[in-house]
Amino acid sequence: MRLKLSVTSAVEQWFNNLGKRPALAVMVSILWLSLIGWVAFGWNLGSIGLIDETEPLFAEASRQMFVTGDWITPFFNGETRFDKPVLIYWCQAIAYAIIGVNEWAVRLSSAIAAMGVISLAFYTVQWCLAKQDELEKVSRSTRRYLTAFVASAMMALNPEMIIWGRTGVSDMLLTGCMASALLCFFLGYAGKGSTQDWGLGIREEFFQSRSEITSPFPNKWYLACYVLIAAAILAKGPVGIVLPGLIIAAFLLYLGKLREVLREMRPLIGILIIFGLSAPWYALVTWRNGWSYINSFFGYHNLERFTGVVNHHSAPWYYYFLVVLLGFAPYSVYLPIAITRLKFWQRSHWRLQERSQQLGLFAWFWFAGIFGFFSIAVTKLPSYVLPLMPAAAILVALLWSDFFQATKAKQTILSPSFHPPSPSPFLRVSGWVNVVFLSFLAVGMFNLSQLLGRDPAIPNFRILIQKSGLPVTGGVIWLVCAVLVAGLLLNRRWNYIININLLGFVAFLIVVLTPAMFFIDRERQLPLRELSVIALQSKQPNEELVMMGFKKPSVTFYSQTQVNYLRFPQEVVKHIQNEAAKTPQPPSLLLLAEQKKFLKMNLEPDDYKNLATKGAYNLIRVPFKKRKNQKLDISFDVH
């Protein structure tokens, strides 16, 4: 017992030192953010090849931009690509120029965006709790820093953030810009008329002087918000301004502060900044491509995705409940109590609160706004709710902040009326739901081979993954976590429960997920990469590369050549016959496909030359000039 008290006192003393020594606090915070950022996003970021199908589309369009110098119109495989705006292509092309055309450069912008929003969220949570301590005239450095540490860790270490933070697509770039814009808005809103702690003990007076009131410009946080909204528009389109605007407007209307805050924000200046930064590219790309861009991007990829089903991505109304449950696992089980704890329906209570103490309410509007918006949308994808993950982490961290208190004796000196919080029955129930959820994850891992679907590129994938032992290892990790959480619940050690969930996820990431990603890459993507490189080295002048079967954009990226994607064997046979009949006749054709697809073409051994076989794929050359006066005969047998 004495040892436990001494350890607890030492921890409290260490956190108190952070509160008293700003330089130390900054250094420790940077080290913590660097550690979780590297584990979640930096570690082995470029060691795994591009993953078909979406990531290589962005990577190749950016490579084309880098090679051709056309920074306005994105192209993929010789065709315009209007799916997403230009920011992701710019970021990847700049990374190519700095570190070369490789997987690191493709994913670097996503990783930086993720680490940026996590760092800003860490600062925001710490600052708001510091303001609360100042209002209550207490010093709770342990609570303040532990909550910020946990919030940033949960924000980084969850499946949704890790998947998209390690993938070179526009989703994490949108999330980083949008979430950072919302956090900057809140800091500008909460810091108005108060003493501003600019970072971990470094303070600056931040009050509404006469010059500030009459200034045509808003404060620096509002300015940063406007710049980030412009970046979000360039990352994903209109949703980059629509969603932040709806969230901020709903929050201010609820508190009855819309007019007051709009005067502070100088919205006319904001509109000029937002459209001054984002509109020029839209004007240039529209001027160059006309209605084809307008119809494709604004019509098909925005309006139709919201009002109709695009690319068969439909789902039931409860779809995003499941996505959040699994995407924010294992902490998602605490979201219901974290939200109900706010009592957001007590409007009069929240209107009386200091602005800096409304972070929880703002995070709720943030979470509900994105969840509701995309639940209404007809097209549904898991990545659509990625921007609500930072809000979810803040909500759960604020729930656990009540248990990150200093010892009772220490707090009594500062505030005699202090009493440690006792967990509500709802929290106890949530704790046991946590145990059940972790147990379900364990059972799912033990039976993973039965739950996996079939991948044509890895026919024996279930057998291979079972032999690897990874599912059993993952099941053991989650089962141990379930037992530990149950033990903590029985012993009423509430403040350690969330830490066990975090440590369990880190162990799962390092021991199971990372080896699994290498395993899948080796079995699924490596054969295509190797054959693409062989095609690049073997390709003769004017020789076409054709891929039969499912479209794999990584072939275009790694072969650095235009690929003719044809779905069915009869299409390929007809294409070969047409090419052979051309005048002048091309010398030959490279064909890449799964081995079983070749059998359906009934090619004679003399009709082709096998260049390489990797995994489930073959690369062959089909010559058009065989022997003098002999016609190439390739027919398709429907049997």
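Just so we're clear, the structure is a prediction, and the values are computed from it rather than from any experiment. Here the residue numbers are simple positions, counted from 1 along each chain's written sequence. For this predicted model, a pLDDT threshold of at least 70 governs which residues receive local features, and a threshold of 80 or more governs which side-chain atom pairs are given and counted, while totals over whole chains, interfaces and linings are taken from all residues. Hydrogens and waters are ignored; side-chain quantities use all the structure's heavy atoms.

### Concerning the pairing of strand S6 (residues 563–566)
Working note: regular strand, side chains alternate between the two faces of the sheet.
Phase 1: Of the strand pairs in this sheet, strand S5 (residues 544–548) and S6 are connected by 4 bridges, and their pairing is parallel. Each bridged residue has a counterpart across the sheet, and for Met548 the counterpart in S6 is Leu566.
Phase 2: The definition of a right-handed crossover adopted here requires that, viewed with the strands pointing away, the path from the first strand over the helix to the second runs clockwise. For the purposes of this entry, the term helix denotes a DSSP run of H or I that reaches at least four residues, the term strand denotes a run of E that reaches at least two, and both are numbered from the N terminus. The β-α-β motif built from S5, the intervening helix H26 (residues 554–559) and the parallel element S6 has right-handed crossover chirality. Two strands pair under a simple rule: DSSP has to find at least two bridges between them.

### Some thoughts on the packing of aromatic side chains
Phase 1: We call Phe, Tyr and Trp rings a pair once their centres come within 6.5 Å, taking the six-membered ring for Trp, and we label the pair stacked below 30 degrees between planes, edge-to-face above 60, and tilted otherwise. Counting across every chain of the model gives 38 aromatic pairs.
Phase 2: Note on Tyr189 and Phe251: the rings are 5.5 Å apart at their centroids and 75 degrees apart in plane angle, and the pair reads as edge-to-face. Of this pair, Tyr189 sits in helix H8 (residues 171–190) while Phe251 sits in helix H11 (residues 239–255); the two residues are 62 residues apart in sequence, bridging distant segments of the chain. One exposure class covers both Tyr189 and Phe251, and it is buried.
Phase 3: With centroids separated by 5.4 Å and ring planes inclined at 55 degrees, the aromatic side chains of Tyr254 and Phe365 adopt a geometry described as tilted. Here Tyr254 is found in helix H11, whereas its partner Phe365 is found in helix H18 (residues 359–376), with 111 residues between them in sequence. Whether a residue is buried, partly exposed or exposed follows from its accessible area with a 1.4 Å probe, protein chains only, as a fraction of its type maximum: under 20%, in between, or over 50%, in that order.

### A few points about the nonpolar core
Phase 1: Residues enter a nonpolar core if they are buried and are Ala, Val, Leu, Ile, Met, Phe, Trp, Tyr or Cys, with the set joined through side-chain atoms within 4.5 Å. Leu157, Phe185, Tyr334, Trp366, Phe367 and Trp400 are the most contacted members of the largest nonpolar core, which has 159 residues in total.
Phase 2: Among the elements that line this core, the one with the most residues is H8, at 15 residues.
Phase 3: Contacts are residue-level and defined by heavy atoms, with any inter-residue pair within 4.5 Å sufficient. In this structure Phe185 touches Tyr222, Cys225, Ile248, Phe251, Leu252, Val261, Met265 and Phe362, once residues within four positions along its chain are discounted.
Phase 4: With 16 residues, the next largest nonpolar core counts Met548, Leu566, Ala580 and Ile620 among its residues.

### A look at the confidence of the model for the chain
Phase 1: Taken residue by residue, the chain gives an average pLDDT of 85. The fraction at 70 or more is 87%.
Phase 2: In this model, residues 406–418 is a region of pLDDT below 50 whose contacts with residues beyond four sequence positions or in other chains number 14 contacts.
Phase 3: Ignoring residues within four places in sequence, the model shows residues 627–632, a span with pLDDT below 50, making 6 contacts including any to other chains. pLDDT runs from 0 to 100 and stands for how confident the predictor is about each residue.

### With respect to helix H19 (residues 389–401)
Phase 1: Each helix should span, by expectation, one fewer than its residue count multiplied by 1.5 Å. Over its 13 residues, H19 runs 18 Å from end to end, which matches the ideal 18 Å to within 8%, given 1.5 Å per residue.
Phase 2: The element H19 is largely enclosed, with a buried count of 13 among its 13 residues.

### Points about the packing of H18 against H19
Phase 1: Put simply, H18 and H19 touch, their axes get as near as 9 Å, and they point 145 degrees apart. For the pair H18 and H19, the sense of crossing is left-handed. Residues Leu359, Gly360, Ala363, Trp364, Trp366 and Phe367 of H18 touch H19, and the partners they reach there are Pro390, Ala391, Ala392, Ile394, Leu395 and Leu398.
Phase 2: Residue polarity is assigned by list, with Asp, Glu, Lys and Arg as charged and Ala, Val, Leu, Ile, Met, Phe, Trp, Tyr, Cys and Pro as nonpolar; anything else, Gly included, falls into the polar class. Classifying every residue of the contact of H18 with H19 gives 11 nonpolar, 1 polar and no charged. All axes here are fitted lines through C-alpha atoms, helices being fitted over the stretch that makes contact, and every angle between N-to-C directions spans 0 to 180 degrees. Note on convention: near helix rotated counterclockwise from far helix by under a right angle means a left-handed crossing. Clockwise means right-handed.

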